[in-house]
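Observations on chain architecture
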Amino acid sequence: MNEPTPSTVNVATTDVLIIGAGPTGLTLACDLARRGVSFLLLERSTTPSTASRAKTIQPRTMEVADNLGVAGRVLTEGRVNVPTRHYDRARVVSEAVELAAGVRTTDAPYPPVWLSQPRFEQILRDHLTELGGTVHWGSEVTDLQQDGDGVTATVATRPDAGSRTVHARYAVGADGGRSTVRALAGIELHGTSLTDQRWHLGDVRVTGLSRHCQHLWTSKEDGLLSLFPLPGTDLWQFQASIPADPAEPEEPSLELFRRIFAERAGVPGVVIQDVAWLSLYRINVLLADHYRSGRILLAGDAAHIHSPAGGQGMNTGIQDAYNLGWKLAALLDGADPALLDTYEHERRPVARSVLDDSTTRLGKVMRALGESAGPSAQQGLTDDRTTGLGVAYTDSPLTHGPGGGVRAPDAPCRNAGTGRPTRLFDLLRGPHWTLLSFGSTAVQQVPDGPRTIRVTTDLTATGADAVIDADGLAHHAYGTAGDELVLIRPDGYIATRRPASDLAAVLALAAANGM
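As the structure is a prediction and not an experimental result, all values here were calculated from the model.

As for the sheet that holds strand β16 (residues 271–288)
- Spatially, the 8 strands line up as an open sheet ordered β6-β5-β13-β14-β15-β12-β16-β19, and their pairing is mixed. If you trace the sheet from one side to the other, it starts and ends with β6 (91–96) and β19 (304–305), each paired once.
- As paired strands, strand β12 (residues 189–207) and strand β15 (residues 236–242) are joined by 7 bridges and run antiparallel to one another. Its bridge partner being in β15, H200 is matched across the sheet by A240.
- Where helix α6 (residues 254–264) meets the sheet, it contacts β12, β13 (214–219), β14 (223–229), β15 and β16, and its direction lies at approximately 90° from that of β16.

Things to note about the nonpolar core
- Residues V16, L17, F39, L41, L128 and L328 are the most contacted members of the largest nonpolar core, which totals 77 residues.
- Here this core takes 9 residues from helix α7 (residues 313–332), the largest share from any one element.
- In terms of nonpolar packing, the next biggest core, distinct from the first, is built from 19 residues, Y87, W236, I260 and V267 among them.

Focus on the pairing of strand β20 (residues 412–415)
- The sheet contact formed by β20 and strand β21 (residues 421–423) spans 3 bridges and is antiparallel. In the strand pairing of β21, R414 is matched with P421.
- Two successive antiparallel strands, β20 and β21, enclose a turn made up of 5 residues, where G419 displays a positive phi of approximately 80°.
- In terms of strand pairing, β20 meets strand β24 (residues 466–468) through 2 bridges, oriented antiparallel. Across the sheet, residue R414 finds its bridge partner in β24, namely I468.

Comments concerning the side chain of R407
- Examined against the element boundaries, R407 turns out to sit in the loop between α8 (341–370) and β20.
- Overall, the relative accessible area of 11% leaves R407 in the buried class.
- Engagement of the side chain of R407 in a polar contact is seen with the side chain of E63, the distance being 2.8 Å.

Cut-off values and rules
- Residues numbered from 1 in each chain as written.
- Predicted model: local features only at pLDDT ≥ 70, side-chain atom pairs only at ≥ 80, totals over all residues.
- Heavy atoms only, no water.
- Pairing = 2+ DSSP bridges.
- Helix = DSSP H or I, 4+ residues; strand = E, 2+ residues; numbered from the N terminus.
- Contact = heavy atoms within 4.5 Å.
- Axes fitted to C-alpha atoms, helices over the stretch in contact; angles between N-to-C directions.
- Core = buried A, V, L, I, M, F, W, Y, C linked by side-chain atoms within 4.5 Å.
- Buried < 20%, exposed > 50% of the residue type's maximum accessible area, 1.4 Å probe, protein only.
- Polar contact = N/O pair within 3.5 Å; in protein donor to acceptor, adjacent residues only side chain to side chain.

And the structure:
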């Protein structure tokens, strides 16, 4: 259903060509698949990456996972509230939850979840398979040409060293910081490299340490050394800051990692057995000048490269994809082409803000280490801002009137037809627009309109399209006393809030904005 249509030998035609099958490309593919949009998902690597890289799934990304239908598996495989154990060499100094503390509320039900990027990608790949999609491994785009009707890509395939041509109406580059798509589209990346902040990273196997917590050593002389247990694996993420030095750092190796651990930690009985992945990481803070060139778009690290502080890079890319998916689908279904302009308008300022924020956080960590305040270095790396729940599009062309542009909150309710507990997120789940009708007036479903749900405090209400807000939590979350319509976009943001009498205007607005 979602695979491209073969037209001639070695030529395929599809609606959307997605280049890059990391978390950003996979999220976009899953969203397009459930909307019935044809796509081709290419990945230049021949096998999935096993490098941990990112390891935090933030609350807003968990809400995306909920809407896509994979949040349960993320919670099962990941961990919440992993404590940090501080050391002074071999001596334990303290232990407490410091990073990504998980606080569930009725309107924001998901905490941050620790899960390595490869495990999260596997969850998305499995879901994509369930939706009828697939990843085409060993497929590298070597050329992109576009005209008013679409994009033509030349794709080199491995291991057979063949090539083919793909015609697509749109192409999305989700192919990482060294994006080929960005280069071929002529979009420039600007920013800075933090040359004094370099790290040795790796995925290692360790014996002699408890896996219930992160183990952390800090000092003014050596900086930071962390061993973090990666849930669902037998691996640990090794992170060691490299002291400022004009000389080129030593290349990472198992021997180097063992030496760093012996010099900075020296805990008896702990052995780094082997290395599954290692890297010399130089921190870059870069942002693309534009997210779009005609029919070619960028998402994720292809558009913005972050400091790892705060765990926001992967999450920002996933949000890019979630913002873009419904807009591409609507455009392919005949929506105003101007809808696609809102992608950059909404998402680029978010990336700019995240870049500034993560750089500031990393700077605070390094200053704390330099001032011998090592035990407090991690504090402040994560907070309410890094959850992603506060991201808003209040100045977007798709936002109309006060109260619009913000995330639509969750709340527990009761189905008026069955009496069973439900959540507003259960009603939002799926690719549709949603209209919440608060108050006494029942709004009828409109053919080809948004899914309409009455939210009422009337305990005697009935009907499959109504929920009872017995405790008033939904009304409180939305800040309404009733007799109000709240139109919610497919990506879970409020488009407008209007009096119940403005139903015709609300429906017209939805139709004009891609419904």
